[in-house]
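Tertiary structure, described
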Amino acid sequence: MIRRDALKLLGAVAGAGALAGETAARHMFLSLNSVLLSGRVGWPEFPQLAAKVGYPGCDVMLDPAMKAGDEATRQLFDRLRLRPAVIEFPGDFRKDDAAFRASLPKVEQASRFAAATGCPRMMTYIMPSSDTPEDELRRVYKERFTQSAGVLAKSGVRLGLEFLGPLHLRKQFRYEFIWRMNDMLEFAKECGANVGLTLDSWHWHHAGATTEDIIAAGRDRIVHVHFNDSPNLPPEQIRDNERLLPGEGVINLTGFLKALQTIGYTDALSVEVFGRGLNKMTPEAAARQGLEASLAVFRKAGVPEG
């Protein structure tokens, strides 16, 4: 082996070792979510604000980011030294079959974009009540998510389904649907190996889930996490659009974080806080409050971040 080739080989080995060390040292990280800003900041100003305030990552706004292109989006995150957190699932599963079928090409396009930009994670929420009987809705959703999971799997993309816990949402429509963590996990498993949960601390709390449930679910089935807190109110008074910053309420966030640490979760916690007067602050001030409050909870729990 000539000297030049030997040096190239040594460089490659050293680089691989550094990358492995960086990967091994990675921890779960905080991500800016547009809800925290009341949707007032567009793309690419949104990731720019996340970087300015000090977030390690931010959620990806699918349509404008795709319009910019995967190469430009990847370069934007690299330049800002941000980690992409999650992408909203674009499948139109809530309407009729025709609308769902029409959305599948967008799902395929978005899955390729997600993989190319280093964000192989998508999420969506499922309402905990409906005007369709539970058995019928479960059958329809299972067919659609199974088909979607097959499309996403071609690009190595995972899908997180979010269960919603508050009582008023469970009673909003005629028939109750899946709202407990373990029930949604079981449903996700039926839909595909690349389907799991979007775990929101708010819904985890209001659905009566436990830290043991997180540990039992395991790393492979927790696709994405939302981070927030709840006031101490009876279930009848809880409203989904009135939340608190992490550490301001009664959710066991220390246990929540430690359970995620136990399963080796290393992806994003998006700070998703509705209400609390955040829309009266500047977007930067709201973003900064979300980050500082969340970091304080991490420190209290003794859990490393970023």
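Scroll up to find the structure this text is about.
As a starting point, this report considers the structure included with it. Just so we're clear, the structure is a prediction, and the values are computed from it rather than from any experiment. (Residues numbered from 1 in each chain as written. Predicted model: local features only at pLDDT ≥ 70, side-chain atom pairs only at ≥ 80, totals over all residues. Heavy atoms only, no water.)

Another aspect to go through is the packing of helix α6 (residues 134-153) against helix α8 (residues 181-191). It is at 8 Å that the axes of α6 and α8 come closest, and there the two elements cross at 50°. Taken together, the axes of α6 and α8 are oblique relative to one another. Contact residues: α6 offers Arg 138, Tyr 141, Lys 142, Phe 145, Thr 146 and Ala 149, while α8 offers Phe 187, Glu 190 and Cys 191. Class assignment of the residues belonging to the contact of α6 with α8 gives a composition of five nonpolar, one polar and three charged. (Axes fitted to C-alpha atoms, helices over the stretch in contact; angles between N-to-C directions. Helix = DSSP H or I, 4+ residues; strand = E, 2+ residues; numbered from the N terminus. Parallel < 35°, antiparallel > 145°, perpendicular 65-115°, else oblique. Contact = heavy atoms within 4.5 Å. Nonpolar A, V, L, I, M, F, W, Y, C, P; charged D, E, K, R; others polar.)

Among the surface-exposed residues, Glu 134, Asp 135, Glu 176, Asp 183 and Glu 186 lie close enough to one another that they form a single negatively charged patch. Those elements giving two or more residues to the negative patch turn out to be α6 and α8. Mapping Glu 176 onto the fold places it in strand β7 (residues 175-176). Take Glu 176: its relative accessible area is 33%, and that puts it in the partly exposed class. (Patch = residues over 30% accessible without salt bridge, like charges linked within 9 Å, V, L, I, M, F, W, Y side chains within 5 Å. Areas by Shrake-Rupley, 256 points an atom, 1.4 Å probe, with all protein chains shown as cover. Salt bridge = Lys/Arg side-chain N within 4 Å of Asp/Glu carboxyl O. Lys, Arg positive; Asp, Glu negative; His and termini not counted. Charge placed at Lys NZ, Arg CZ, Asp CG, Glu CD. Buried < 20%, exposed > 50% of the residue type's maximum accessible area, 1.4 Å probe, protein only.)

As a C-alpha pair, Glu 176 and Asp 213 span 37 residues in sequence and 22 Å in three-dimensional space. Setting aside residues no more than four positions away along its own chain, Glu 176 makes contact with Pro 128, Ser 129, Glu 134, Arg 170 and Lys 171. For Glu 176, the side chain forms a polar contact with the side chain of Trp 179, separated by 3.1 Å. (Polar contact = N/O pair within 3.5 Å; in protein donor to acceptor, adjacent residues only side chain to side chain.)

Turning next to the side chain of His 224. Looking at the element boundaries, His 224 is found in strand β9 (residues 222-227). His 224 sits in the buried class, given a relative accessible area of 0%. Look past the residues within four positions of His 224 in its chain and what remains in contact with it is Asp 59, Ala 85, Val 86, Met 123, Leu 197, Thr 198, Leu 199, Tyr 265, Ala 268 and Ser 270.

This next bit is on the environment of Gly 290. By secondary structure assignment, the location of Gly 290 is in helix α12 (residues 283-301). In this structure, the C-alpha to C-alpha distance between Gly 290 and Asn 33, residues 257 residues apart in sequence, is 9.6 Å. Each residue touching Gly 290, except ones within four places of it in the same chain, is listed here: Leu 36, Tyr 55, Leu 245 and Val 271.

So, on to the state of the cysteines. Per the stated rule, a full pass over the model turns up zero disulfides. Unpaired in this structure, Cys 58 has its nearest cysteine sulfur neighbour in Cys 119, at a distance of 9.1 Å. (Disulfide = S-S within 2.5 Å.)

Turning to the sheet that holds strand β1 (residues 29-32), a few remarks are in order. Overall, parallel pairing links the eight strands, which are arranged β1-β2-β3-β4-β6-β8-β9-β10 in a closed barrel. On average, each strand axis in the sheet is tilted by 35° relative to the strand beside it, whichever way the strands run. Two elements, strand β4 (residues 121-125) and strand β6 (residues 158-162), share five bridges in a ladder whose sense is parallel. Paired with Thr 124 across the two strands is Leu 161, which belongs to β6. Seen against the sheet, helix α5 (residues 97-116) touches β2 (57-60), β3 (83-88) and β4 and runs at an angle of roughly 130° to β4. Each of β4, β6 and β8 (195-200) is contacted by α6, which is oriented at about 150° to β6, the strand it contacts most. (Pairing = 2+ DSSP bridges.)

Here the focus is the pattern of salt bridges. Per the stated rule, a full pass over the model turns up 15 salt bridges. Here Asp 92 makes a salt bridge to Lys 95, at a shortest N to O gap of 3.9 Å. For Asp 92, a relative accessible area of 25% corresponds to the partly exposed category. Overall, the relative accessible area of 56% leaves Lys 95 in the exposed class. Of the charged contacts, one joins Asp 97 and Arg 144 as a salt bridge, the two residues approaching to 2.6 Å between their closest N and O atoms. One end of the pair, Asp 97, is in helix α5; the other, Arg 144, is in helix α6, and 47 residues separate them in sequence. Connected through shared salt-bridge partners, Asp 200, Asp 240, Arg 243 and Glu 272 make up one network.

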